[in-house]
Amino acid sequence: MKFLDYALPYVCGIQPYVPGKPVTQLVRELGLQAETIVKLASNENPLGMSPQARQAVVVALGGVARYPDQHALTAALAAHHGVSAEQIVLGNGSNDVLDLVARVFLAQGRSAVMSEYAFAVYPLVTQATGAECLVAPAYQFGHDPVALKAALRADTRVLWIANPNNPTGTFLPQAVLRGLLAAVPEEVVVVLDEAYTEYLSPAERMDSIAWIAEFPNLVVTRTFSKIYGLAGLRVGYAVARTGVAALMQRVRQPFNVGNLGLVAALAALDDHLFIAESYTLNHRGMEEIVAGLKRLGLEHIPSHGNFVTFAVADAPRVNQHLLAQGVIVRPLDGYGMPRHLRVTIGRDTENRRFLEALEKALHS
Ligand SMILES: *Cc1c(COP(=O)(O)O)cnc(C)c1O
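Since the model is a prediction, treat every value here as computed from it, not as a measurement. (Residues numbered from 1 in each chain as written. Predicted model: local features only at pLDDT ≥ 70, side-chain atom pairs only at ≥ 80, totals over all residues. Heavy atoms only, no water.)

## Here's the deal with the pairing of strand S2 (residues 88-91)
Okay, so step 1: The alternating pattern of S2 places Ile88 and Leu90 on one face and Val89 and Gly91 on the opposite face, and all of these are buried.
Okay, so step 2: Pairing analysis gives four bridges linking S2 to strand S8 (residues 236-239), with the strands arranged antiparallel. Residue pairing in the sheet places leucine 90 in a bridge with tyrosine 237 of S8. (Buried < 20%, exposed > 50% of the residue type's maximum accessible area, 1.4 Å probe, protein only. Helix = DSSP H or I, 4+ residues; strand = E, 2+ residues; numbered from the N terminus. Pairing = 2+ DSSP bridges.)

Quick look at the structure:
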């Protein structure tokens, strides 16, 4: 297979993404019953999908022989955010729009800046273009605006920011973020990935999309995978200046979001009851899990998302004991955090199962 030698060296150098362990895999590996397994590994909505979205999907099943039409969702998102439809770019999940930004602005000989412990997809999409990843040291596991600014080079074309960040749950408040935007030269596209923004408390929320009028190099990304409960349907989007969005459209696959994803997202966007319920459940669960971690004497990183990351003396061993009890959390060695585990906030019963299993794992 001599031809493999001709694969692009920067592609060969990519560390593959490791997803949360699927329930089906644990069933195969340990012979556990699928119904008894608690999966708190991928920051999915424990309530499932919005009932309105489910209804819309059932109706749309009749039309799947036709290619999808993005018009209705694009128009609804534009109205929702008070921007023009030309400023919206839909993605097969927001990971897809991150990739579109990379393909428009990055290549060999260019670089992108990101924080230590930032979302794993940033190095993936950066390296896939041949560009170099410049990692700025974190401050207390979070993005450090001073370090990020200092890491920018003359060839830097993209700055990736997750706010709140995954897997640390750390958060930069509005004033800090705006200060960073003002300090970054316009030649650097700033991607503000707000996958967890709907979980912020009202006092923490910010209208970052309105800042695009002020900062032409700002691209804001959002997703339907988290609070909207549609991770498996793959819908996300970017909001940007028209000129930026038009370039992203050129490298986008025409039918990158399927019919079912489009109608589900459209319906979920207006399901305020479901979003409010999901938010309330998350805040209650976060309090319960944080209290439980403290009771067990474990340190955690204060989180602004729907998950929390905590430290244990022997993370691989604790993880194995949790798996044996049918509880799936996320090990973070891939993030350079081998002593930490990340748990997604679940339903009340799931959170209790997790805490009981964790206590047993620590004492076994
Ligand atoms: C989960 C997550 C996303 C969403 O990815 P999708 O492709 O939309 O499912 C984006 N950014 C961060 C930081 C995330 O944790």
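## Considerations on a nonpolar patch on the surface
Okay, so step 1: A surface patch of nonpolar side chains, about 570 Å² in accessible area, is lined by Met1, Phe3, Leu4 and Tyr6.
Okay, so step 2: Looking at where methionine 1 falls in the secondary structure, it is placed in the segment before helix H1 (9-12). (Patch = residues over 30% accessible without salt bridge, like charges linked within 9 Å, V, L, I, M, F, W, Y side chains within 5 Å. Areas by Shrake-Rupley, 256 points an atom, 1.4 Å probe, with all protein chains shown as cover. Salt bridge = Lys/Arg side-chain N within 4 Å of Asp/Glu carboxyl O.)

## Considerations on the sheet that holds strand S12 (residues 330-331)
Okay, so step 1: Ordered in space as S9-S10-S13-S12, the four strands form an open sheet in which the pairing is antiparallel. Sheet topology places strand S9 (300-301) and S12 at the edges, where each strand pairs with a single neighbour.
Okay, so step 2: With five bridges connecting them, strand S10 (residues 307-311) and strand S13 (residues 340-344) associate as antiparallel partners. Bridging from a neighbouring strand, valine 308 pairs with valine 343 of S13.
Okay, so step 3: The sheet strands contacting helix H12 (residues 315-324) are S12 and S13, and the helix crosses S13 at an angle near 35 degrees. (Contact = heavy atoms within 4.5 Å. Axes fitted to C-alpha atoms, helices over the stretch in contact; angles between N-to-C directions.)

## Considerations on the side chain of aspartate 96
Okay, so step 1: If you trace the backbone, aspartate 96 turns up in helix H5 (residues 94-105).
Okay, so step 2: For the buried aspartate 96, no salt bridge is present, and the opposite-charge side chain at shortest range is arginine 103, 5.6 Å distant.
Okay, so step 3: A polar side-chain atom of aspartate 96 sits 2.9 Å from a polar atom in the side chain of asparagine 256.
Okay, so step 4: Each residue touching aspartate 96, except ones within four places of it in the same chain, is listed here: Gly91 and Asn256. (Lys, Arg positive; Asp, Glu negative; His and termini not counted. Polar contact = N/O pair within 3.5 Å; in protein donor to acceptor, adjacent residues only side chain to side chain.)

## Points about the side chain of serine 225
Okay, so step 1: Position of serine 225 relative to the elements: it lies in the loop between strand S7 (218-223) and S8.
Okay, so step 2: With relative accessibility at 8%, the residue serine 225 sits in the buried group.
Okay, so step 3: Among the polar contacts listed, one links the side chain of serine 225 to the side chain of arginine 234, at a separation of 3.4 Å.
Okay, so step 4: With sequence-adjacent residues up to four places away left out, serine 225 is seen in contact with Leu230, Ala231, Arg234 and Val235.

## Describing helix H11 (residues 272-295)
Okay, so step 1: Between its first and last C-alpha atoms H11 spans 35 Å; for 24 residues at 1.5 Å apiece the expected length is 34 Å, and the two agree.
Okay, so step 2: Considering only its buried residues, H11 is in contact with helix H3 (51-60), helix H10 (259-269), S9, S10, S13 and helix H13 (348-363). (Expected span 1.5 Å × (residues − 1).)

## Remarks on the packing of aromatic side chains
Okay, so step 1: For the coordinates displayed, the defined rule picks out eight aromatic pairs.
Okay, so step 2: Between tyrosine 196 and phenylalanine 307, the aromatic rings sit 5.1 Å apart at their centres with planes inclined by 65 degrees, giving edge-to-face as the arrangement. Taken together, the residues tyrosine 196 in the loop between strand S6 (189-193) and S7 and phenylalanine 307 in strand S10 connect sequence positions 111 residues apart.
Okay, so step 3: Residue tyrosine 196 is classed as buried on the basis of its relative accessible area, which comes to 2%.
Okay, so step 4: For phenylalanine 307, a relative accessible area of 0% corresponds to the buried category.
Okay, so step 5: For the ring pair phenylalanine 224 and tyrosine 237, a centre distance of 6.0 Å and an interplane angle of 40 degrees mean the geometry is tilted. Linking phenylalanine 224 in the loop between S7 and S8 with tyrosine 237 in strand S8, this pair joins segments that are 13 residues apart in sequence.
Okay, so step 6: Residue tyrosine 237 is classed as buried on the basis of its relative accessible area of 4%.
Okay, so step 7: Across the ring face of phenylalanine 307, the terminal group of arginine 342 is positioned such that the distance to the ring centre comes to 5.8 Å. (Phe/Tyr/Trp six-rings, centres within 6.5 Å; stacked < 30°, edge-to-face > 60°. Lys NZ or Arg CZ within 6 Å of the ring centre and 35° of its normal.)

## Side note on the site of the ligand
Okay, so step 1: Taken together, Gly93, Ser94, Asn95, Phe119, Asn166, Asp193, Ala195, Tyr196, Thr223, Ser225, Lys226 and Arg234 make up the full set of residues adjacent to the ligand.
Okay, so step 2: The separation between a nitrogen atom of the ligand and a polar side-chain atom of aspartate 193 is 2.6 Å.
Okay, so step 3: Within the contact set of the ligand, an oxygen atom lies 2.7 Å away from a side-chain nitrogen or oxygen of arginine 234.
Okay, so step 4: When isolated, the ligand has an accessible area of 390 Å², and the protein chains bury 94% of it.
Okay, so step 5: In a pocket analysis with a 2 Å cut-off to the grid points, the ligand is assigned to the second largest pocket.
Okay, so step 6: When the residues that make up the shell around the ligand are grouped by side-chain class, the tally is three nonpolar, six polar and three charged. (Near = heavy atom within 4 Å. 1 Å grid on protein atoms, 1.4 Å probe; cavity = no way out; pocket = protein on both sides within 12 Å on 5 of 7 lines; lining within 4 Å. Sits in = over half its atoms within 2 Å of the grid points. Nonpolar A, V, L, I, M, F, W, Y, C, P; charged D, E, K, R; others polar.)

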